[in-house]
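This is what each chain is made of:
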Amino acid sequence: MTALPLDGIRVADFSWFGAGPIAGQTLCTFGAEVIRIESEAKLDSLRVAHPFAMNPDGTFKSGYNVSGYFNNFNAGKLSMQLNLNTEKGQQLAYRLIEKSDIFLTNFTPRALEKWNLRYDDLLRANPSIIAAYAPMQGLEGPHRDFLGFGAVLTPVTGISEMSGFPNQPPFGVGTNYPDYVINPGHTVIAILAALRYRNRTGKGQLIELAQVESVVNTLGTAVAGYLANGDNATRNGNRSPIAAPHGAFRCADDPESSGSTDRWIAIACQTDAHWQAMCHAIGDPVAATDARYAAFEARKANEDSLDALVAAWVAGRRAEDVMALLQSRGVPAGVVQNAQDILDRDPHMRARGYYEYLDHQETGRAAYDGPVARLSATPAHHRAPAPLLGEHTMDVCERIIGLTADEIADLLAEGVLL
Amino acid sequence: MAVPALEGIRVIEFTDELGSYCGRLLADLGAEVIKVEPPGGGLERHTPPYFHGDRTPDNAIGFWVHNTSKKSVVLDLEDAAGRTLARQLALTADIVIEDCPVGWLAARGLGYEELRAEKPSLVYTSVTGFGQAGPHAGYAYSDIVGQAMGGVMTLAGDPADPPNIIYGNQANVSASVDAAQGTLLALLHAEKTGAGQHVDVSAQESLSMSQETAMQTWDLQKRNRVRSGGRGMIPVPLPGAGTYPTADGYAVLFVIAPAGADFPTLVDWLRDKGMAEDLDDEPYASICADLNMAMLTRVVGDPASAGPFLGHLSHIHDVLVRFMRTLTAREAYEEGQRRRLLVGIVSKPRDLAENAQLRARDWFTHFDVGAERVEFPGPPYRLSESPVTIGRPPRLGEHTGELLASLRRREVAS
């Protein structure tokens, strides 16, 4: 077995929903042992959220272990069921934290205080702990206890205001976008930096990632531009200040694209050369010399008629054909792909084997997002599918915390372990 | 004096839009990040908006956002002398980050294999649209192409419109965030074992996780999620789950979430303002009591189950619309959250600049541009022992002289 960068690192993962668990999963994939603390009494709702695996008769499977939403964020972890609302449950949590390198959570400070999981308390139990807190608003401040999930985070951080067409309300981007890469990714970056610091100094530390801050940090020029120039910008559809044409254009419908038959090609002509190449590829050399479009400034000035010209060119063509044609001339172009495309029809994704298919005892074989970063000397893969709820309670209690069978039996009877 | 986490690490980057933010994250964490720029600067230096509208490479605000705390050296890689200097510089680094087309740097003697032959401990991170290998590895890329091919665009927008991009070059940002993770993992490994490696990040793959449940929905149920305007994965319009106009903008309600106060608490708020209309009467009172995560899960699994009361849902929605229009967006956010309801303001840039929480937490930072002090968005995280510091982005070629002189000194010394 290949050595992995985080071999020997143990993570006590007290997180839930998206941003926290995905961060834990990345650490797990790259070698850490990640113990996800869960409780049926305060269930991670993703365990009971769609999409569920299906039975052969077309009905949905049920229970806590069949959600593709949950499973995709928790591959390879150990799941321990622990009731943190009991004093003994909190004591056990600390026995785990004492033996961990990293503590991870995205609960609100309010919940963590109820469970006595403040940083100061962690530090007393484990002076070298790296404690990553990633609540929506941070650990302090007037909005500290504001509630937030991705559905609220997307508008609050400005993504909704800045995305989409100006004639539509700012309804967001169809997903809880910041939960999946930005926030978990930033969390992992901070943890890895803290690990390096600990390797050099022996010191742990507190990481505070306020999700709002983490997202606004990535918000392009919207906030920086307001602060510098006072420009209160808003959404501008698919257009770009440095490319024209720049947008998605409708191609021929594809009846095999299930439930999503409208097909679109995204095109970005960032240079005049891209535009010239596109005109020739599409078979309209006259447009290449048309003064309304030859230079970038002219294309921006005539963008409505430019877009109409491109739309007419691609209408009726297969999106894949337009992509291949434009790419053969070096023009940035890509099909607006759906999940069916990406999983089953995109030859590139298949060749790279990004998705990892794992056998799970309740869902059966299912696809998981693989690790994105491919490290040539220490390549990582999921080592196991997502755990069943509480699947590893015994293992963690015996092997890591060091409880005897009798102690475990008592704690189960008392409802501390579930 | 506190020591930053990446103190003593030198990074040489050959990046523009795709990989710049990766380098910035490392620079703010304390690495010495040297950006090798082409004469005149890359795309980010030529992208509006500009500070005070002054269209010069040093004033591009988008460049600032992805290039804080770095140094800048201008080298012409189309020229043999420039390539030699770039190679010497790269060999002084612990980490190289690049986002050039696949093979472009290798053709100039600056690829991973060329450099590692002389420096086996080197971490070399390549951030590209489609990764280093595979049938589309050579495809031309820009952010919108990444968002299209990565599966997020098909989920965003109204069905009557073309699919939408997510603002902020999020394909580039996602790839950079994944690249920074991969780079730091490889750095930890290199510092433990002395062995460097090549880190390959594809923007298309970076966005995959942001499909939310679309990938799993196809895998498990053979259904494609489609764009649905404001409804996300909810197949029917549910009151209290969506974007509502306010007196001066918009706010979002997500009262059906598994946390926070429930729908009847929202009705309490309307009643307090004398705007509950007939929501306390049947059948509305019972439906309001039932609007929760369980109902949401039911209608996601079986949209037809909402059929019998769709008309009532639409009436409840209309009452909410009338109520929300009486509030400002900031009032809706503050008062709704005070009542423990999941309410969010649709922040405009000014709302974020004036956000009470960000201000109270002293999140914004600043640096000097010429004689002017510019306020600037703060860091994504705070580390209690090893500080994250946002330094001024470099002027084009600001450090060329200094860095070439130090290369000469090195050469003389050896």
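Procedures and definitions
Residues numbered from 1 in each chain as written. Chains lettered and ligands numbered in written order. Predicted model: local features only at pLDDT ≥ 70, side-chain atom pairs only at ≥ 80, totals over all residues. Heavy atoms only, no water. Pairing = 2+ DSSP bridges. Helix = DSSP H or I, 4+ residues; strand = E, 2+ residues; numbered from the N terminus. Axes fitted to C-alpha atoms, helices over the stretch in contact; angles between N-to-C directions. Contact = heavy atoms within 4.5 Å. Buried area = accessible area lost by both parts, 1.4 Å probe. Salt bridge = Lys/Arg side-chain N within 4 Å of Asp/Glu carboxyl O. Polar contact = N/O pair within 3.5 Å; in protein donor to acceptor, adjacent residues only side chain to side chain. Nonpolar A, V, L, I, M, F, W, Y, C, P; charged D, E, K, R; others polar. Buried < 20%, exposed > 50% of the residue type's maximum accessible area, 1.4 Å probe, protein only.

Caption draft 1: Molecular detail of the sheet that holds strand S9 (residues 343-345) of chain B. Residue and element names in this part refer to chain B. Read across the open sheet, the three strands follow the order S7-S8-S9; overall the sheet is antiparallel. Looking at the sheet topology across the chains shown, the edges are occupied by strand S7 (241-245) and S9. The average angle at which neighbouring strand axes cross in this sheet is 25 degrees, direction not considered. Two elements, strand S8 (residues 250-254) and S9, share three bridges in a ladder whose sense is antiparallel. Within S9, the position partnered with Leu 253 by the bridge is Val 343. Of the strands in this sheet, S8 and S9 touch helix H13 (residues 329-338), which is tilted by about 150 degrees from S9.

Caption draft 2: Focus on the interface of chain B and chain A. At the interface, 156 residues of chain B touch 155 residues of chain A. With both sides pooled, the region where chain B packs onto chain A buries about 13200 Å², and carbon together with sulfur makes up 63% of that total. Looking only at chain B, the three residues that lose the most surface to chain A are Tyr 167, Glu 205 and Met 209 of chain B, adding up to 6% of its buried area. For the pair chain B and chain A, the number of links is nine salt bridges. Residue Arg 361 of chain B pairs with Glu 213 of chain A through a salt bridge whose shortest N-O separation is 2.7 Å. Here chain B and chain A share 68 residue pairs in polar contact (both at pLDDT 80 or more) between them. For the side of chain B that touches chain A, the leading source of residues is helix H6 (residues 170-193) of chain B, giving 16 residues. Classifying every residue of the side of chain B that touches chain A gives 81 nonpolar, 50 polar and 25 charged. Alignment of strand S12 (residues 374-375) of chain A against strand S6 (residues 197-202) of chain B, held across two bridges, turns out to be antiparallel. Looking at the pairing, Leu 375 of chain A lines up with Val 199 of chain B of S6 of chain B.

Caption draft 3: Inspection of the pairing of strand S5 (residues 123-128) of chain B at higher detail. All names here are of chain B. Among the six residues that make up S5, six are buried, leaving the element largely enclosed by the rest of the structure. The side-chain alternation of S5 yields two buried faces, one formed by Val 123, Thr 125 and Val 127 and the other by Tyr 124, Ser 126 and Thr 128. Pairing geometry for strand S4 (residues 95-98) and S5, over four bridges, is parallel. Bridging from a neighbouring strand, Ile 97 pairs with Thr 125 of S5. In this sheet, S6 lies alongside S5 in parallel orientation, the contact comprising six bridges. Note that in S6 the partner of Val 123 across the bridge is Gln 197.

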